[in-house]
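If you want the building blocks of each chain, they are given just below.
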Amino acid sequence: MNIQDLAKNLQVEVKPLYLIVGGDLYYKKQAFDLFKNLVDDMAGDFNISYVNTAVTPEMLFINLQTPPLMSDYKVVFLSSDGKKLDKEKAKAFEDKIVEWVKNPCPNVVLVADSEEDCFKFLTKVSEIVDCKKQTPAFLYGEVAKIIQNNGYSADEVAIKEIITKCNNDMMIITGELAKLFAYSDKKVINYEMVCNIVVNNIEQSVFKLTDNIANGNAGEAIAIMDNLLASGEQPLKILAAIISQYRRMFICKISTLSNEELAKELGVKSTYAIDIAKRIGKSYKPMQLKKLVEKMQHIEYSAKNGGIGMLDGLNLALTYAINRR
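These lines cover the structure that appears in this document, whether it is placed above or below.

## A few points about the packing of aromatic side chains
Phase 1 of the analysis: Counted according to the given criterion, the structure contains seven aromatic pairs.
Phase 2 of the analysis: Each ring, one from Y246 and one from Y284, has its centre 6.0 Å from the other, and the planes form 85°; the classification is edge-to-face. Here Y246 is found in helix 12 (residues 235–254), whereas its partner Y284 is found in the loop between helix 14 (272–281) and helix 15 (286–304), with 38 residues between them in sequence.
Phase 3 of the analysis: Residue classification places Y246 among the buried residues on the basis of a relative accessible area of 0%.
Phase 4 of the analysis: Through a chain of ring-to-ring contacts, the aromatic side chains of F32, Y50 and F77 assemble into a single cluster.

Laid out in structure tokens, this is it:
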């Protein structure tokens, strides 16, 4: 189920095991709050616990077998702190959790946060809660509602630009909206304000940089890179993001997989990045992209090993990209 359906489902039936997937922290927080609300207000200290895979599977099992105290429900949040488990440890946790799910302690709920797919092995026995980034079309309504509920107004162009600049990430969007609310004297948010106040994240900036290069706008591409450097981004980080984008463009160019399959294969959290890569990649031949990636990787290697200055390496990579060499 998606995050929008979770509240309704919890009112009908509460399952013993839920698996949180997807990387939008805004929606993950919404999911966590809904699970916390299962516990009576005055009994949270006794019935909400946070554990990670530093505990043993046996200790987790004992925790899950302890019933709620002075509350209708007890909720246990399990995380791996973003670290993938080795096969032996993953199997041990899987065995204990599956054993518990077959005969769960009544009104005890386990919520596993599968960051980086660390609890993928629980997919078949869990109720899946999808907290992935949403599409721009869906986010438009969400963002418009937040703006309206805070007593502000914004036109369609401004809202779409907020979503684009924030790379469809609702956690980033809400932070940028707070800035826009603070700067808006007349309770109106317009396109110019968004352009001046909302900061592009590095991925979104690289999308625009490579798009400008593909369209022959070298000056605009250089200006985007200068802005990234001025904002404090490190040259090697920018270079790595550019290489990642050109590699993605190359793979999209030669692959017959669907956008969804490519997103999974390339480890991106939505098809938005695939759509961008395919659109920009139309301006290139596959061999052009392959050569660019190889040359940029060589520059990156030289910069990391002191063979060339980091900023010099970034400038050289940009020159290669602009000249398609």
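## Examining the nonpolar core
Phase 1 of the analysis: The biggest cluster of nonpolar side chains holds 41 residues, and the ones touching the most others in it are L209, I213, I242, Y246, Y284 and M296.
Phase 2 of the analysis: Secondary structure elements with two or more residues in this core: helix 10 (202–214), helix 11 (218–230), helix 12, helix 13 (259–266), helix 14, helix 15 and helix 16 (310–323).
Phase 3 of the analysis: Not counting chain neighbours up to four residues away, the residues in contact with I213 comprise A221, Y246, Y284, L318, A321, I322 and R324.
Phase 4 of the analysis: Counting 38 residues, the second largest nonpolar core, distinct from the first, contains V14, A31, L38 and F77.

## Notes on helix 8 (residues 170–183)
Phase 1 of the analysis: The terminal C-alpha atoms of helix 8 lie 20 Å apart, and with 14 residues this matches the ideal 20 Å at 1.5 Å per residue to within 8%.
Phase 2 of the analysis: Among the residues of helix 8, M170, I173, E176, L177, L180 and F181 are the ones counted as buried. The arc enclosing the buried residues of helix 8, seen along the axis, measures out at 150°, which places them on a common side. Across from the buried face of helix 8, at angles greater than 90 degrees, the exposed residues are A182 and Y183.
Phase 3 of the analysis: Its side-chain oxygen at 3.0 Å from the backbone nitrogen of M171, D169 defines the N-terminal cap of helix 8.

## A look at the packing of helix 10 against helix 14
Two packed helices can be described by the angle between their axes and the distance between those axes.
Phase 1 of the analysis: Two elements in contact, helix 10 and helix 14, have axes whose closest approach is 10 Å; the angle formed by their N-to-C orientations is 15°. Between helix 10 and helix 14, the crossing angle belongs to the class labelled roughly parallel. Along this stretch, helix 10 crosses helix 14, giving a crossing that reads as left-handed. The residues of helix 14 that touch helix 10, namely those facing E203, Q204, F207, T210, D211 and A214, are Y272, A273, I276, R279 and I280.

## What about the sheet that holds strand 2 (residues 48–52)?
Phase 1 of the analysis: Spatially, five strands are ordered 2-3-4-1-5 in an open sheet, and the strand pairing comes out parallel. Strand pairing shows two members of the sheet lacking a second neighbour, strand 2 and strand 5 (127–130), which therefore form its edges. For this sheet, the mean inter-axis angle between neighbouring strands, taken without regard to orientation, is 20°.
Phase 2 of the analysis: Where strand 2 and strand 3 (residues 74–79) come together, five bridges link them in parallel fashion. Looking across to strand 3, one finds that Y50 is bridged to F77.
Phase 3 of the analysis: Each of strand 2, strand 3 and strand 4 (108–113) touches helix 4 (residues 57–64); the most contacted strand, strand 3, lies at about 160° to it.
Phase 4 of the analysis: Most of the contacts of helix 5 (residues 87–102) go to strand 4, to which it runs at about 145°, and overall it touches strand 1 (17–21), strand 3 and strand 4.

## Details of the packing of helix 15 against helix 16
Phase 1 of the analysis: Interhelical geometry of helix 15 versus helix 16 gives an angle of 170° and a closest axis separation of 9 Å. As summarised for this structure, helix 15 and helix 16 are arranged roughly antiparallel, according to the angle between their axes. In this structure, helix 15 uses L292, K295, M296, I299 and A303 to contact helix 16, whose residues at the interface are M310, G313, L316, A317, Y320 and A321.
Phase 2 of the analysis: Among the residues making up the contact of helix 15 with helix 16, the classes are represented as nine nonpolar, one polar and one charged.

## Focus on the pattern of salt bridges
Phase 1 of the analysis: Summed over all chains, the structure comprises 14 salt bridges.
Phase 2 of the analysis: Across the salt bridge formed by D33 and K29, the nearest N and O atoms sit 2.9 Å from each other. Of this pair, D33 and K29 both sit in helix 2 (residues 25–36), four residues apart, which is roughly one turn of that helix.
Phase 3 of the analysis: The shortest N-O distance in the salt bridge between K91 and D95 comes to 2.8 Å. Placement of both K91 and D95 in helix 5 is noted, with a separation of four residues, approximately one turn of the helix.

The rules behind the values
Positions within a chain are numbered from 1, following the residues in the order the chain's sequence is written. Totals for whole chains, interfaces and linings use all residues, but because this is a predicted model, local features are given only for residues with pLDDT of at least 70 and pairs of side-chain atoms are given and counted only at 80 or more. To obtain the side-chain values, all non-hydrogen atoms of the structure were included, while hydrogens and water were left out. When two rings of Phe, Tyr or Trp (its six-membered ring) have centres within 6.5 Å they constitute a pair, described as stacked for plane angles under 30 degrees, edge-to-face for angles over 60, and tilted for the intermediate range. Helix and strand definitions follow DSSP, with helices as H or I runs of at least four residues and strands as E runs of at least two, each counted in order from the N terminus. Exposure categories follow from relative accessible area, calculated using a 1.4 Å probe and restricted to protein chains: below 20% of the type maximum is buried, above 50% is exposed, and the middle band is partly exposed. Only buried residues count toward a nonpolar core. Its members are Ala, Val, Leu, Ile, Met, Phe, Trp, Tyr and Cys residues joined through side-chain atoms within 4.5 Å. Two residues qualify as a contact provided that any one of their heavy atoms is within 4.5 Å of a heavy atom in the partner residue. Here the expected length of a helix is defined as 1.5 Å per residue gap, with one fewer gap than residues. Arc, as used here, means the arc of the directions from the helix axis to the C-beta atoms. Within 3.5 Å is the distance limit for a polar contact, defined as a pair of N or O atoms, with the added protein rule that one can donate a hydrogen and the other accept it, and that residues adjacent in sequence qualify only through two side-chain atoms. Lines fitted to C-alpha atoms define the axes here, with helix axes fitted over just the stretch in contact, and angles between the N-to-C directions of these axes take values from 0 to 180 degrees. Orientation categories follow fixed angle ranges, with anything under 35 degrees roughly parallel, anything over 145 roughly antiparallel, 65 to 115 roughly perpendicular, and all other angles oblique. A clockwise turn of the near helix away from the far one marks a right-handed crossing, whereas an anticlockwise turn of less than a right angle marks a left-handed crossing. Strand pairing requires that DSSP identify at least two bridges connecting the strands. Each residue gets one of three labels, nonpolar for Ala, Val, Leu, Ile, Met, Phe, Trp, Tyr, Cys and Pro, charged for Asp, Glu, Lys and Arg, and polar for the others, Gly among them. We define a salt bridge as a contact between a side-chain nitrogen of Lys or Arg and a carboxyl oxygen of Asp or Glu at a distance within 4 Å.

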